[in-house]
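# Inside the fold
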Amino acid sequence: KKQGGFSLVELGVVLLIITVLGLVLAPRVQGYMLKGKVKGASDELTQAVVRLNANRTTGSSDFASATTKELVKVLTPSSAFELVDGSTPTVTHKLSNAGGTVTFGPGTLLAANDAGLVTIGGVDESICQDLANSLSATAVSLGVNGTTAKNTAASPQVPYNSTTATNSCTTGSGNTITLLIRP
């Protein structure tokens, strides 16, 4: 009698096809999962910026004492952010497969310490443009990897340019988005 079933070669071919498909599709699936976090992360950062600006006045050097500890106090732990409020307060994000950090400190628009600087490091290429676009309304000045995509404090003003932001995003998870904020 001949038994039915698959040979080892047939099973090997099927496993090879499944492996190749997995390798090809995995980055896309991860990219879609990261894109799903952009709106929530952007909304949370926007709310944090409102709180960070709450007791400050435009044109002063109120941001001289700005620290990440202050950001830890106004940001909420979520699917996008993890907070550690210890001797060295830190904010980590889940906006890349490798993770990254968010820091807050003094920044300069027109005079020293007249703005707060929010730095989001380790942003994945699949969401770099979307995150920059969604945070553009929150910031007075926005940069991607050191290139200014918006600066409404400059003379003449530089309105947000999504093409500049997109072209400044690089391959991988090493993108940095900076926001200069003030009341």
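Everything below is about the structure printed above this text.
Residues numbered from 1 in each chain as written. Predicted model: local features only at pLDDT ≥ 70, side-chain atom pairs only at ≥ 80, totals over all residues. Heavy atoms only, no water.

Let us look at helix α3 (residues 125-135). Regarding α3, the residues found buried are I127, C128, L131, A132 and L135. Around the axis of α3, the buried residues are gathered within 140° of arc, so they sit on the same side. (Buried < 20%, exposed > 50% of the residue type's maximum accessible area, 1.4 Å probe, protein only. Helix = DSSP H or I, 4+ residues; strand = E, 2+ residues; numbered from the N terminus. Arc of directions from axis to C-beta.)

The next point concerns unusual backbone geometry. Here the residue pair S155 and P156 is connected by a cis peptide bond, since its omega of 0° sits within 30 degrees of zero. Structurally, P156 is set in the loop between β6 (147-151) and α4 (162-168). The phi dihedral of N113 is positive, around 65°, even though this residue is not glycine. Checked against the element boundaries, N113 lands in the loop between β3 (100-107) and β4 (115-123).

For the structure on display, the rule yields four salt bridges. Among the salt bridges present, the one from D43 reaches K39, with a minimum N-O distance of 2.9 Å. Within this pair, D43 and its partner K39 are both found in helix α1 (residues 8-53), separated by four residues, close to a single helical turn. D43 sits in the partly exposed class, given a relative accessible area of 34%. We note a salt bridge from K69 to D85, for which the minimum N-O separation is 3.2 Å. On the criterion of sequence distance, the pair formed by K69 in helix α2 (residues 68-74) and D85 in the loop between β1 (81-84) and β2 (90-93) is long-range, its members being 16 residues apart. (Salt bridge = Lys/Arg side-chain N within 4 Å of Asp/Glu carboxyl O.)

A full pass over the atoms with the stated rule returns one disulfide. Across the disulfide from C128 sits C169; the S-S distance is 2.1 Å. Judged by the sign of its S-S torsion, about -80°, the bond between C128 and C169 is left-handed. Pair noted here: C128 is in helix α3 and C169 is in the loop between α4 and β7 (175-181), with a separation of 41 residues, a long-range link. (Disulfide = S-S within 2.5 Å.)

Within the secondary structure, N151 is located in strand β6. When its relative accessible area of 18% is taken as the criterion, N151 is described as buried. When the C-alpha positions of N151 and T68 are compared, they lie 23 Å apart, and in sequence the two are 83 residues distant. A distance of 3.0 Å separates a polar atom in the side chain of N151 from the backbone nitrogen of A153. (Polar contact = N/O pair within 3.5 Å; in protein donor to acceptor, adjacent residues only side chain to side chain.)

How two aromatic rings sit relative to each other is given by the distance of their centres and the angle of their planes. Considering all chains together, one arrives at one aromatic pair under this definition. Measuring from ring centre to ring centre gives 6.4 Å for F63 and F104, while their planes differ by 80°; the resulting arrangement is edge-to-face. With a gap of 41 residues between them, F63 in the loop between α1 and α2 and F104 in strand β3 connect regions that are remote in the sequence. Taken as a pair, F63 and F104 share a single burial class, namely buried. (Phe/Tyr/Trp six-rings, centres within 6.5 Å; stacked < 30°, edge-to-face > 60°.)

To continue, consider the sheet that holds β3. The strands making up a sheet associate through hydrogen bonds between their backbones, and the pairing can be parallel or antiparallel. Spatially, seven strands are ordered β1-β2-β3-β4-β7-β5-β6 in an open sheet, and the strand pairing comes out antiparallel. The outermost strands of the open sheet, each flanked by one partner alone, are β1 and β6. Each strand of the sheet is rotated relative to its neighbour by a mean of 20°, with strand direction disregarded. As paired strands, strand β5 (residues 141-144) and β6 are joined by four bridges and run antiparallel to one another. From the neighbouring strand, S141 faces β6, where its bridge partner is N151. (Pairing = 2+ DSSP bridges. Axes fitted to C-alpha atoms, helices over the stretch in contact; angles between N-to-C directions.)

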